[in-house]
Amino acid sequence: MTRTPSGLFPAGPPTRPTYREPHPVTGGGVAIGGGAAASWLVLFGLLGTDVASYAWWTLIAGLLAWLTALVLVRHGDRGVGTGVAIVTAGGWSIAAAVVAVRWAGTGDWPLW
């Protein structure tokens with residue numbers, strides 16, 4: 001008489017296929033995306049001559065970077081897209097802090 005195994009200790013390979021990601025997220029990809037986004041934001045930020053133009057250039061550069069990150073996450077390297085998105089959010093935070101400090105110091109809204 002043979003015993004049917006309980007399944008607690010499988011005797012063979014899994015019955016379902018194992019899938020792997022075609023583009024796994026790696027630390028190097030995130031670092032490359034972060035460095036590219038930081039350079040992008042710095043180049044656009046340098047176009048500004050005052051706080052208002054700096055903030056608007058940073059906002060425009062961030063929107064373009066996030067569109068690129070969305071395309072990369074969907075169709076390209078998700079690690080690079082993640083790095084771009086993270087650094088862009090940080091760049092926007094810095095621009096918002098600069099605007100808030102100017103607004104608090106002068107009492108005048110600096111963006112228009």
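The rules behind each value
Residues numbered from 1 in each chain as written. Predicted model: local features only at pLDDT ≥ 70, side-chain atom pairs only at ≥ 80, totals over all residues. Heavy atoms only, no water. Axes fitted to C-alpha atoms, helices over the stretch in contact; angles between N-to-C directions. Helix = DSSP H or I, 4+ residues; strand = E, 2+ residues; numbered from the N terminus. Parallel < 35°, antiparallel > 145°, perpendicular 65-115°, else oblique. Left-handed = near helix turned anticlockwise from the far one by under 90°. Contact = heavy atoms within 4.5 Å. Nonpolar A, V, L, I, M, F, W, Y, C, P; charged D, E, K, R; others polar. Phe/Tyr/Trp six-rings, centres within 6.5 Å; stacked < 30°, edge-to-face > 60°. Buried < 20%, exposed > 50% of the residue type's maximum accessible area, 1.4 Å probe, protein only.

A. Examining the packing of helix H1 (residues 27-45) against helix H3 (residues 78-106) more closely. At a minimum axis separation of 6 Å, H1 and H3 run at an interaxial angle of 40°. For the element pair H1 / H3, the angle class is oblique. Regarding H1 and H3, the two cross each other, and that crossing is right-handed. Side by side, H1 and H3 meet where Gly29, Val30, Gly33, Gly34, Ala37, Ala38 and Leu41 of the first sit next to Gly79, Val80, Gly83, Val84, Val87, Thr88 and Gly91 of the second. Tallied by class, residues from the contact of H1 with H3 come to seven nonpolar, seven polar and no charged.

B. Spatial organisation of the packing of aromatic side chains. In total, this model carries six aromatic pairs according to the counting rule given. Where Phe44 meets Trp57, the ring centres are 5.8 Å apart and the plane angle is 55°; that geometry is what we call tilted. Of the two residues, Phe44 is situated in helix H1 and Trp57 in helix H2 (residues 51-75); the sequence distance between them amounts to 13 residues. A relative accessible area of 16% means that Phe44 is categorised as buried. Considering the side-chain rings of Trp66 and Trp92, the 4.9 Å spacing of their centres and the 50° angle between planes classify their relative orientation as tilted. Of this pair, Trp66 sits in helix H2 while Trp92 is found in helix H3, placing the two residues 26 residues apart along the sequence. Looking at Trp66, the relative accessible area reads 36%, which means it is partly exposed.

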